[in-house]
Structure formats: C-alpha cells, structure tokens
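Chain residues, written in single-letter form:
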Amino acid sequence: MKPQNVDLHPIVKKAQRAIALTRTPGYHFCGNFFDFVYDQASPQHSVVHIDPEPQNTDRDQSVHLVLLAILADMGLATGIRFGLDNRTRLATVSLSLQLTGARPTGRVQAVTNTQGHLQGAKGSQGVSLTHIKSDDTLIAVGYGAFMILPVPNGASLPAVPWVEKKAPADPPLDLQTLTDDEKWILSRVKTSIEHCQQTGDDFAMHFLNFHPYPQERGAYCEVLNGPHVANRVGHVQGGVILALGMVTANAALGDEWMLSGVSATYISPGEGEAIHAQSKIIHQGRMTAVVQTSIYNKTGRQALEVLSTHARRASTT
C-alpha cells in the first residue's frame, strides 16, 4: 500500500543518511546509500558486506545483481587501496566474475585476498581474488586488477572514512542546507519510489536508470552520470559501469537466460553527462550463450568492453 507521505519512506531516510555521511569526504554517495560496510581491511585481506535492504533488493528480496557487481569492484579494490598515499587513486583495469546461480538472500560478503602486484610493468598494478558469499553459500568468485594512478591535477583524496571506524547510524542533516546536487538526489529517490510503488519495478534499477531495451540480437541502455553514481573524482563508479554491462547483456537474451560469468576490460573513465551500453549476441545455443557488450561515453569514447556467458534457465514447469 502506498504511504501517504513519501518523505517517511525508509529509502528516503536511507538517502538522507547517505547525504549526511557523504559530507564527510572520502566516500561516494553510492557507497553510503547502498551501505557497503567495511568489516576488515589490510593490504593483504579485506571483508566488505552489504545487507538486503529495500534500496538494494530485487522483487524476490535477494540482493540485486547490480549491487553484486558494485560489491565485487569495491571488495577487490579494498586491500590494494589500503594505506596508499592520498595523492593516488585506483583505476580498475580488468574484472572477472564467475557466478554460481545461488540467490543472495542474506548478508552478502566479499572476502578478498590481495595477490600482489604485476611484475615487470612500468606502472603499478595490484591484483586480487574475492569470494562473494551469502551466509555460507558461495555466490561468485571474482578476480580484479587495479592501476595505481596519481589524482588528477596534483590534488589529494582523503581516505574512505568508514574503513577504520563505523559510520554513524543517524548523522544529523539539516534539510535546509541541502546543495543542488543533494536536492537532485533526494528528488530522484522519491520519484523512483513512487514509480516502483505503481509498477512493482526494482528500486535500484529505476534509480540508476537501468532500463535496457532489446534490439534484434542485442540490447541498448543509456545511463545518466550524476552525483548518485559518481566516484570520488566524478567518474561513473567502476562497479556501476560493470553492472550496466551485465544488465544490458541479460536484456539481449531475455528472461529464459541467466548470467553465468562476465569478463570486463576497462578502457577509459566513465565520464561526461551520460554513458551507454550496446550488447550483441555472439552465440546462442541450446544451453549456453555469449554476449559482447561495449560501453561508451557520450563523446563516443569507449569506456568498457564486456564479454559475458549465459546459461539457459532450468524449466520451472
């Protein structure tokens, strides 16, 4: 039943908390809003979790595939990022996930071990391995490589504030002091809640504007870059870009198919006012399929190349 006042909706309260937390520099709105929590962090090992909450679950109350992609990216990067100089940042070079098909119905953790650094390369690349689990059930295994780069224009970035201390549960926020970006985020949250109450759509999909539409042997989706998805330097967060590729690839095949694995190569930042994904079916057999998805900035510069494998779902009848 639709609440009489959307301002009292728990997702709005979560967004207001995220805005208040984001005012402490070092962590982006997306991380605060979907509530990725750092349980452990060291250069060798890290644990990051997300709980099933209204803003990050799908219609069967499982943590959404979109959020699994963001969790994988953040989890894989944590140990490599830990302890770096504040004049450096990480850029995702590549990321691969092999999914088990199990539903992430409870708390989902990315348990990650850093594997060292690429040897013999001019630039420094850290490599890591993660196991994504829901309670004791394995959801996915992931690998990632991250380039350590200087912050643009010689600037510095503060460390993520909630790694070594827990984020406050109810930070104060005076709604009269909202910036234009913060007002825009809250408006988008409320619009998405109202839309989903009317249609039954998943909140995360609508909020992020993940609305891919099928084409002949493919699919297309465009996503606005804004403060709701930007990382600390204003680019679309790496996990969000990966999620866009995964969702668009799924749309190319339809509901009879499930994503089984993904391999992504990051080419350039997701910058500009929007990014868009174009998927095409490379192979579609009786049991397996392969989809190629290319993601571009509004200028036409490619940001990501994704190759995904899919399996035909078992009959439920």
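In short, a report on the structure. (Residues numbered from 1 in each chain as written. Predicted model: local features only at pLDDT ≥ 70, side-chain atom pairs only at ≥ 80, totals over all residues. Heavy atoms only, no water.)

## Observations concerning the packing of aromatic side chains
For clarity, the cut-off: Only rings of Phe, Tyr and Trp enter the pairing, Trp through its six-membered ring, and a pair is recorded when the two centres are within 6.5 Å. The plane angle decides the type: under 30 degrees is stacked, over 60 is edge-to-face, the rest tilted. Here a helix means four or more residues in a row that DSSP labels H or I, a strand means two or more in a row labelled E, and each is numbered from the N terminus.
In total, this model carries eight aromatic pairs according to the counting rule given. Taken together, a centroid distance of 6.0 Å and an interplanar angle of 65 degrees make the contact between Phe33 and Phe203 edge-to-face. Taken together, the residues span a long stretch of sequence, with Phe33 in helix H2 (residues 29–33) and Phe203 in helix H5 (residues 203–207) at a distance of 170 residues. Here the aromatic rings of Tyr213 and Tyr220 are separated by 5.7 Å at their centres, their planes lie at 55 degrees, and the arrangement is tilted.

## Digging into the side chain of Asp202
Note the cut-off: Throughout, a residue-residue contact means that at least one pair of heavy atoms, one from each residue, lies within 4.5 Å.
Locating Asp202 in the fold gives a position in the loop between helix H4 (180–199) and H5. With residues up to four places along the chain from it excluded, the contact list for Asp202 reads Thr57, Asp58, Arg59, His64 and Cys196.

## Looking at the sheet that holds strand E5 (residues 125–134)
Strand pairing in a sheet relies on backbone hydrogen bonds. The paired strands run either parallel or antiparallel. The cut-off we apply is this: Here a strand pair is declared whenever DSSP counts at least two bridges between the two strands. Simply put, an axis is a line fit to the C-alpha atoms, just over the touching stretch for a helix, and the angle between two N-to-C directions goes from 0 to 180 degrees.
The sheet built from 12 strands is open, its strands ordered E1-E2-E4-E5-E6-E3-E9-E12-E11-E10-E8-E7 with antiparallel pairing. The sheet is open, and its two edges are formed by strand E1 (37–41) and strand E7 (213–215), each paired on a single side. Averaged over neighbouring strand pairs, the angle between their axes works out to 25 degrees when direction is ignored. For E1 and strand E2 (residues 45–50), the ladder comprises four bridges, and the chain directions are antiparallel.

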